Amino acid sequence: MKKHLLTDKKWNEIINNNSQLDGKFYYGVTTTKIFCKPSCNSKNPNRENVIIFKTIQEAQSMGFRPCKRCHPHGIRLSNEEWIVQVKSYLELNFKKKLNLNTIAEDCHGSPYYLQRTFKNITNQTPLSYLSGLRLNYAKNLLQETELPINKISIDSGFSSDTYFMTFFKKQVGITPSEFRQNLKGDIYG
Ligand SMILES: [Zn+2]
């Protein structure tokens, strides 16, 4: 597919939320996989993460989802669709430092609304879903690699290895080292 250039002009339209260009182009943010109209008043993205689409179809064919705030496809996004979007955002970004505010901001909703809606639909909070993703990733690293525990904790997005070990023990019932040791037992025992 032909790449459309993000010119300085287009970039200015985006950061100034210019509504006169709505319909002329759309922009997507690669870290969130969400696309918007130029006028969207969501947080300004990092310029290097922005790509331009001429049409909605183009954005969707590349796996981008419409923004809940500006609904570029002209249809209000249902809460269910939005939560699918938030989940896939978390799956892409769980290694980064995140909190309820940053997640809400990146997914174009308010923290309160995100917390409530996510819980209604999935029966867990965004942060517990996030911890689950990190835990699964850490388990994989424990299983597949020889990386030290503190490295695994950082790579999986945990704020500290003390927190990682406490959380792991609470969820899995054994420590990360025991978990790794048990797996070895399974293979060679
Ligand atoms: Zn938007």
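Every value quoted in this text rests on a predicted model; they were computed, and no experiment measured them.

### Some thoughts on the overall build of the chain
Now for step 1: When helices and strands are counted, the chain shows nine helices and four strands.
Now for step 2: Shown N-terminal to C-terminal, the secondary structure of the chain runs as helices and strands in the order α-β-β-β-α-β-α-α-α-α-α-α-α.
Now for step 3: With the principal axes as the frame, the chain shows a C-alpha extent of 65 × 35 × 25 Å.
Now for step 4: Relative to its full complement of 189 residues, the chain shows a buried share of 42%.

### Concerning the coordination of the zinc ion
Now for step 1: Those protein atoms acting as donors to the zinc ion are Cys36 (SG), Cys40 (SG), Cys67 (SG) and Cys70 (SG), and they sit at 2.3 to 2.4 Å.
Now for step 2: Classification of cysteine 36 by relative accessible area gives buried; the value is 1%.
Now for step 3: Using a relative accessible area of 8% as the deciding quantity, one classes cysteine 70 as buried.

### Looking at the environment of arginine 69
Now for step 1: The topology assignment puts arginine 69 in the loop between strand E4 (65-66) and helix H3 (79-93).
Now for step 2: Between the C-alpha atoms of arginine 69 and lysine 97, which are 28 residues apart in sequence, the distance is 23 Å.
Now for step 3: Setting aside its immediate chain neighbours within four residues, arginine 69 contacts Cys40, Asn41, Ser42, His108 and Gly109.

### Things to note about the domain arrangement of the chain
Now for step 1: According to the domain assignment, the chain contains domain 1 (1-75) and domain 2 (78-189).
Now for step 2: Counting residues at the interface gives twelve residues for domain 1 and 16 residues for domain 2.
Now for step 3: Roughly 1,200 Å² of surface becomes buried between domain 1 and domain 2 when both sides are summed, with 56% attributable to carbon and sulfur atoms.
Now for step 4: A per-residue breakdown of the area domain 1 buries against domain 2 is headed by Lys43, Arg65 and Lys68, which together make up 46% of the total.
Now for step 5: Lysine 43 is paired through a salt bridge with aspartate 106; the nearest N and O atoms lie 3.0 Å apart.
Now for step 6: Where domain 1 touches domain 2, the interface holds five residue pairs in polar contact (both at pLDDT 80 or more).
Now for step 7: The set of elements that each furnish at least two residues to the side of domain 1 that touches domain 2 consists of strand E2 (34-36) and E4.

Definitions and cut-offs
- Here, residues in each chain are numbered from 1, in the same order as that chain's written sequence.
- With pLDDT at 70 or above as the cut-off, local features in this predicted model cover only qualifying residues; side-chain atom pairs require 80 or more to be listed or tallied, and sums for whole chains, interfaces and linings still use all residues.
- Calculation of side-chain values draws on the structure's entire complement of heavy atoms; hydrogens and water are dropped beforehand.
- Secondary structure is summarised from DSSP: a helix means a run of H or I of at least four residues, a strand means a run of E of at least two, and numbering begins at the N terminus for each.
- Relative accessibility thresholds used throughout: buried, under 20% of the residue-type maximum; exposed, over 50%; partly exposed, between the two (1.4 Å probe, protein chains only).
- For Na, K and Ca the donor cut-off is 3.2 Å, and for all other metals it is 2.8 Å, counting N, O and S atoms only; because water is absent from this set, sites may look incomplete.
- By the convention used here, residues are in contact when the closest approach between their heavy atoms is within 4.5 Å.
- Reported domain spans reflect what an automatic or database domain assignment gives.
- Each of two parts loses accessible area, computed with a 1.4 Å probe, when they are put together; buried area is these two losses added.
- Within this document, salt bridges are pairs made up of a side-chain nitrogen of Lys or Arg and a carboxyl oxygen of Asp or Glu, the two lying within 4 Å of each other.
- Whenever two N or O atoms come within 3.5 Å, that pair is a polar contact, provided that in protein one can donate a hydrogen and the other can accept it, and provided that, for residues adjacent in sequence, both atoms are side-chain atoms.

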